[in-house]
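# Coordinates in review
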Amino acid sequence: MGTGGAPWRGRVLGLALLTGALATGATGCGGSGTQSGTTGAPEVTRTAPGTRSSPPATRPEDLCARLVAHWSRKVLDGDTYGDYQSMGLSNRQYEILLDVVDAARAEKRREGAQAAGELIDRTARERCEERYRNGNPTEGPWS
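A few points on the structure. (Residues numbered from 1 in each chain as written. Predicted model: local features only at pLDDT ≥ 70, side-chain atom pairs only at ≥ 80, totals over all residues. Heavy atoms only, no water.)

To continue, consider the state of the cysteines. Disulfide: a covalent bond formed between the sulfur atoms of two cysteine residues. If you walk through the whole model with that rule in mind, you get one disulfide. Two residues, cysteine 64 and cysteine 128, share a disulfide whose sulfurs are 2.1 Å apart. Around the S-S axis, the bridge from cysteine 64 to cysteine 128 shows a dihedral of about -60° and counts as left-handed. One end of the pair, cysteine 64, is in helix H2 (residues 60-77); the other, cysteine 128, is in helix H5 (residues 113-131), with 64 residues separating them in the sequence. (Disulfide = S-S within 2.5 Å. Helix = DSSP H or I, 4+ residues; strand = E, 2+ residues; numbered from the N terminus.)

Mapped onto the secondary structure, glutamine 93 falls in helix H4 (residues 91-111). A polar contact of 2.9 Å, which involves the side chain of glutamine 93, links it to the backbone nitrogen of serine 90. Within the structure, glutamine 93 has its side chain in polar contact with the side chain of tyrosine 132 (distance 2.9 Å). (Polar contact = N/O pair within 3.5 Å; in protein donor to acceptor, adjacent residues only side chain to side chain.)

What follows is about H5. Given a rise of 1.5 Å per residue, 19 residues ought to cover 27 Å, and the 26 Å separating the end C-alpha atoms of H5 matches this to within 8%. Residues Ala115, Ala116, Gly117, Leu119, Ile120, Thr123, Ala124, Cys128 and Arg131 constitute the buried set of H5. Against H2 and H4 lie the buried residues of H5. (Expected span 1.5 Å × (residues − 1). Buried < 20%, exposed > 50% of the residue type's maximum accessible area, 1.4 Å probe, protein only. Contact = heavy atoms within 4.5 Å.)

Put into structure tokens, the structure is as follows:
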């Protein structure tokens, strides 16, 4: 009686060794991390190829204020049809936008476009800070 299946073990072992060798080469052993020589050269930190550091996260109230101000200007100028989902706004952010636009329309009639733009920035900031004062809303995805 023979083993019958012995040759596959050699192939599997060879494949495992090859995979391990390739993985070691792909991770860049010896080329990553911090290097410091005895020559007094500055330390160099390298990152893996193709990786990027992430920008700092935007606070929710800042993002809200920017989105509401941007879309408020578009609505005020008549450049949008007013679908909050296509604007990337939550239902509550859209309610803020509608209030901001109403106030901006009145301000534009009284004081002009520049005053309306300043009101949009100020009011969007105030309302969004109020909205996120106690952290992220927890009322659900449409809040």
